[in-house]
Each structure stands twice: as C-alpha cells, then as structure tokens.
Amino acid sequence: MKTPIRLMIAIVAAASVTTTAHAADAARGKEKSAACAACHGADGNSQAPDFPRLAGQYQDYLLTALTHYKNGKRKNAIMQGQVANLTKQDLADLSAFYASQKGLDVKR
Amino acid sequence: MRTFKLLALAVLASASASASAAEGNASAAAANKISMCVGCHGIPGYRTAFPEVYHVPKLGGQHAAYIVKALNAYKTGERSHPSMKGIAASLTDQDIADLAAYYSEKK
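Residues numbered from 1 in each chain as written. Chains lettered and ligands numbered in written order. Predicted model: local features only at pLDDT ≥ 70, side-chain atom pairs only at ≥ 80, totals over all residues. Heavy atoms only, no water.

Draft legend 1. Quick peek at the overall build of chain B. When you go through chain B residue by residue, the secondary structure sums to 6 helices and 0 strands. The long-range fraction of contacts in chain B, counting pairs at least 24 apart against all pairs at least 6 apart in sequence, stands at 60%. Of the roughly 6400 Å² of accessible surface on chain B, a fraction of 63% belongs to carbon and sulfur atoms. (Helix = DSSP H or I, 4+ residues; strand = E, 2+ residues; numbered from the N terminus. Contact = heavy atoms within 4.5 Å. Areas by Shrake-Rupley, 256 points an atom, 1.4 Å probe, with all protein chains shown as cover.)

This is the structure we're talking about:
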C-alpha cells in the first residue's frame with residue numbers, strides 16, 4: 001500500500017516528539033549550557049572559586065549531581081532552581097558537554 | 001595617641017583576619033593527609049559501589065574554596081555521602097585547608 005507522503009511526515013514528526021532517548025550529546029549540551037556559563041564558565045572552567053570547575057569531570061558524576069539536584073537528594077538553592085526547567089535529556093547532554101572539555105584531572 | 005589607636009586597631013584587625021582563615025599548605029597535605037583520599041580520588045576510573053554507582057569525582061585542579069565548601073558540607077551533613085561524612089568528620093579546619101590547597105594544584 002502506498003503511504004501518502006504527508007502521512008509519513010506526520011508519523012515521523014509524531015515519533016520524534018514523543019521519543020526522549022537519544023544518546024547524550026555534547027554538542028546539544030553546549031547549546032544548553034548558555035545559562036550555566038555565567039557561573040561555571042563557557043567551557044566549565046569557572047573563574048569564581050565558589051563555583052566548581054566542571055570541565056573534564058566524569059560524565060556520570062556530573063549526571064548524578066544534576067539528577068540529585070533535581071530529585072532533592074542534594075540541596076542547593078541556586079542549582080535546584082537551574083535544573084528545575086531542564087529535562088533528563090538536557091542533564092545528560094550537559095554532562096556530556098562538560099565532561100568533554102579540558103580542565104580537571106585525577107590527582108594522586 | 002590617635003596614631004597609636006589607629007595602629008592598634010590595624011594590628012587587631014589583621015590578627016583576627018589571619019586567625020579565622022586557615023592558610024592551606026599543599027605540601028603539608030601531601031606529606032600526611034591524603035592517605036584517606038587517594039584510595040578513591042587518586043585512582044583513574046574508580047567508581048563508588050553504594051548506594052549508587054558512579055565515578056568518584058576528579059579533584060585535580062578544582063578550586064580550593066569549593067573543596068573547602070564541599071568538605072565542610074559533608075561535615076555538617078548539608079551534603080550527604082556515607083564515606084565522605086566519616087572522612088570529613090575526622091578533618092580539622094587546617095586539614096581541610098591543606099587538602100584544598102593540595103588538590104587545587106593539578107600536579
């Protein structure tokens with residue numbers, strides 16, 4: 001049966017709206033990070049010593065921290081406000097972005 | 001007399017300022033105090049096992065002031081993690097300052 005092209009487009013559009021899962025995307029995370037740069041620096045190397053450097057941090061640690069801010073396991077007025085409007089996908093993408101930057105290292 | 005009063009005030013002010021903020025000494029930390037830290041934070045790729053599994057965060061190059069804030073938060077319970085709570089409880093303010101200075105240097 002020949003599916004009308006408009007119907008096919010509608011199906012694809014609907015599918016892309018409802019799916020949440022794509023692999024964590026650093027490029028998308030970079031786009032999302034504009035709001036974060038004010039405190040954490042454009043690449044996650046913050047200038048102000050009160051705000052932690054994120055650049056080069058382990059991706060899953062960053063995601064855990066962001067998730068904990070979102071579910072209340074970790075308390076911080078600023079961060080809880082920041083993540084309130086972010087989706088789980090956003091958190092994953094942001095974590096991927098900052099993890100991919102150069103900054104922190106493992107120190108013995 | 002007025003000059004003396006001003007001078008006395010200045011000396012008092014500087015004395016109290018240095019007494020309240022512990023100056024961090026990275027080599028003091030390296031000599032004595034990192035033994036509790038290296039087992040988790042010093043091994044690349046090391047992960048916690050409980051209650052959640054994730055990589056133990058890298059500390060090398062982190063801001064000293066932030067490390068101090070984090071260790072104190074574990075001490076007071078503002079931030080919760082079973083291992084970190086116990087470790088932070090055993091640290092003095094000087095220890096915390098020294099460790100923060102140590103880890104803020106990348107090498």
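Draft legend 2. Spotlight on the interface of chain B and chain A. The interface of chain B with chain A comprises 29 residues on the first partner and 23 residues on the second. Across the interface of chain B and chain A, roughly 2500 Å² is buried in total on both sides, 49% from carbon and sulfur atoms. Its salt-bridge partner being glutamate 52 of chain B, residue lysine 73 of chain A comes within 3.2 Å of it at the nearest N-O pair. On inspection of chain B and its partner chain A, the count reaches 19 residue pairs in polar contact (both at pLDDT 80 or more). Sorting the residues of the side of chain B that touches chain A by element identifies helix 3 (35-41), helix 4 (64-76) and helix 6 (93-104) of chain B as the ones contributing at least two each. Element by element, the count of residues in the side of chain B that touches chain A is highest for helix 4 of chain B, at 3 residues. (Buried area = accessible area lost by both parts, 1.4 Å probe. Salt bridge = Lys/Arg side-chain N within 4 Å of Asp/Glu carboxyl O. Polar contact = N/O pair within 3.5 Å; in protein donor to acceptor, adjacent residues only side chain to side chain.)

Draft legend 3. Just the packing of aromatic side chains, in detail. This model, assessed by the stated rule, comprises 3 aromatic pairs over all chains. Relative to tyrosine 54 of chain B, the ring of tyrosine 61 of chain A lies with its centre 5.9 Å away and its plane at 50 degrees, an arrangement referred to as tilted. Remark: tyrosine 54 of chain B occurs in the loop between helix 3 and helix 4 and tyrosine 61 of chain A occurs in helix 4 (residues 59-71); the pair is interchain, linking two chains. Each ring, one from phenylalanine 97 of chain A and one from tyrosine 98 of chain A, has its centre 5.0 Å from the other, and the planes form 55 degrees; the classification is tilted. Neither phenylalanine 97 of chain A nor tyrosine 98 of chain A differs from the other in exposure class; each is buried. For the cation-ring pair, lysine 107 of chain A lies above tyrosine 102 of chain B, with the distance from its terminal atom to the ring centre recorded as 3.8 Å. (Phe/Tyr/Trp six-rings, centres within 6.5 Å; stacked < 30°, edge-to-face > 60°. Buried < 20%, exposed > 50% of the residue type's maximum accessible area, 1.4 Å probe, protein only. Lys NZ or Arg CZ within 6 Å of the ring centre and 35° of its normal.)

Draft legend 4. Region of interest: the pattern of salt bridges. On inspection of all chains with the given rule, the structure shows 7 salt bridges over all chains. Taking the shortest distance from any N to any O, the salt bridge between lysine 32 of chain A and aspartate 90 of chain A comes out at 3.8 Å. Here aspartate 90 of chain A lies in helix 6 (residues 88-99) and lysine 32 of chain A lies in helix 2 (residues 26-32), a separation of 58 residues in the sequence. Residue lysine 32 of chain A is classed as partly exposed on the basis of its relative accessible area of 35%. Across the pair aspartate 98 of chain B and lysine 33 of chain B runs a salt bridge, and its minimum N-O distance is 2.6 Å. Note that aspartate 98 of chain B is positioned in helix 6 and lysine 33 of chain B in helix 2 (residues 26-33), a separation of 65 residues in sequence. Classification of lysine 33 of chain B as buried rests on a relative accessible area of 18%. Beyond isolated ion pairs, a larger network of salt bridges with shared partners links Arg28, Lys32, Asp90 and Asp93 of chain A.

Draft legend 5. Structural view of helix 4 of chain B. Residue and element names in this part refer to chain B. In a regular helix each residue adds 1.5 Å, so 13 residues correspond to 18 Å; helix 4 covers 18 Å between its end C-alpha atoms and thus fits that length. Restricting attention to buried positions, one finds in helix 4 the residues Tyr66, Ile67, Ala70, Leu71, Ala73 and Tyr74. Angularly, the buried residues of helix 4 cover 155 degrees about the axis, an arc narrow enough to put them on a single face. Check the buried side of helix 4 and you find it contacts helix 5 (82-89) and helix 6. Trailing helix 4 by a residue or two, glycine 77 shows a phi angle of about 90 degrees, which is positive. (Expected span 1.5 Å × (residues − 1). Arc of directions from axis to C-beta.)

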